[in-house]
Amino acid sequence: MNLRFDDTAYLQRLKQLPNAQLHIHWDGSIPFANLFDFYQRKGIEIPVPEKDLQGNPVPKIETVEQLHQFRDGLFSRYGIVDVFKIPTMAMQTTEELRTMAIAHCEYLSRQNTFYGETRFAPWYHAREGERGSTLTLSQVIGHALEGFDLGRQKWGVTVRPIICINRENSPENAEKI
């Protein structure tokens, strides 16, 4: 068999094979349409920084395509916390965590993934993270597990969480997690 990177038939066959994701970011794999719809339903603006890394003003995100372009600017135009603030702000309540966990399972299913080890930092979704949540760290983890189980039932994808400590946390807060 003569294989090349530009062998589209071979690449299509690979995409059709069942796979397992052994390290995937929950907050980075929620489909753009789900995130955009969330903010539209809530009637709130998508949170963006005032300025990009070069000091230029950042315009409002008003379309799914603009949301996609914003994410694509990670590291070159925007910092990691700014980019991931958008999905984490959409996961601050019990219902939001469950809904986005199901959306994550749908995403994995559409990628032909049957098993995923999904990392997330519960601090961003708990009251300690100061993003508006009233949930405790234990509640965040519990609701995420509930949502992943609902997603498994609906989409046939098993998700196991990798609980992470976000990089800007102090050692004292890391111990709480």
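Everything below is about the structure shown above.
Residues numbered from 1 in each chain as written. Predicted model: local features only at pLDDT ≥ 70, side-chain atom pairs only at ≥ 80, totals over all residues. Heavy atoms only, no water.

**Quick notes on the sheet that holds strand β1 (residues 19-25)**
1) Next: Taken in spatial order, the three strands of this open sheet run β1-β2-β3, and their pairing is parallel. In this open sheet, the two strands that pair with only one neighbour each are β1 and β3 (158-163). When strand polarity is set aside, the average angle formed by the axes of neighbouring strands in this sheet is 15°.
2) Next: Summarising the sheet, β1 and strand β2 (residues 113-120) pair through five bridges and their orientation is parallel. By the bridge assignment for β2, Gln21 is matched with Gly116.
3) Next: Contacts from helix α5 (residues 94-110) reach β1, β2 and β3, with the element oriented near 140° to β1.
4) Next: Contacts between helix α6 (residues 137-155) and the sheet are confined to β2 and β3, with β3 contributing the most and set at about 160° to the helix. (Pairing = 2+ DSSP bridges. Helix = DSSP H or I, 4+ residues; strand = E, 2+ residues; numbered from the N terminus. Axes fitted to C-alpha atoms, helices over the stretch in contact; angles between N-to-C directions. Contact = heavy atoms within 4.5 Å.)

**Some words on the pattern of salt bridges**
1) Next: Overall, the coordinates contain eight salt bridges when judged by the stated rule.
2) Next: In this structure, the salt-bridge partner of Arg98 is Glu146, at a minimum N-O distance of 2.4 Å. With Arg98 in helix α5 and Glu146 in helix α6, the pair connects residues that are 48 residues apart, well separated along the chain.
3) Next: Accessibility expressed as a relative area gives 24% for Arg98, which makes it partly exposed. (Salt bridge = Lys/Arg side-chain N within 4 Å of Asp/Glu carboxyl O. Buried < 20%, exposed > 50% of the residue type's maximum accessible area, 1.4 Å probe, protein only.)

**Quick word on α6**
1) Next: Between the first and last C-alpha of α6 there are 26 Å, a value that for 19 residues agrees with the 27 Å anticipated at 1.5 Å per step.
2) Next: Restricting attention to buried positions, one finds in α6 the residues Leu137, Val140, His143, Ala144, Gly147, Phe148 and Gly151. End-on, the buried residues of α6 take up no more than an arc of 140°, which puts them together on one face. In α6, those exposed residues whose orientation departs by more than 90 degrees from the buried face are Ser138 and Gln153.
3) Next: Looking at the packing, one finds that the buried side of α6 touches α5, β2, β3 and α7 (171-176).
4) Next: Directly after α6, the chain includes Gly156, whose backbone phi takes a positive value near 75°. (Expected span 1.5 Å × (residues − 1). Arc of directions from axis to C-beta.)

**Notes on the side chain of His104**
1) Next: Along the chain, His104 turns up in helix α5.
2) Next: Taking the relative accessible area as the measure of exposure, His104 reaches 0% and is therefore buried.
3) Next: Polar contacts involving the side chain of His104 include one to the side chain of Thr118, which spans 2.8 Å.
4) Next: Once you skip the residues sitting within four places of it in the chain, His104 turns out to touch Ile24, Trp26, Ser29, Thr118, Phe148 and Val159. (Polar contact = N/O pair within 3.5 Å; in protein donor to acceptor, adjacent residues only side chain to side chain.)

**Description of unusual backbone geometry**
1) Next: Phi angles above zero are rare outside glycine, and Asn112 is one such case at about 65°.
2) Next: Tracing the sequence through the fold places Asn112 in the loop between α5 and β2.

The values are spatial; any link to function lies outside them.
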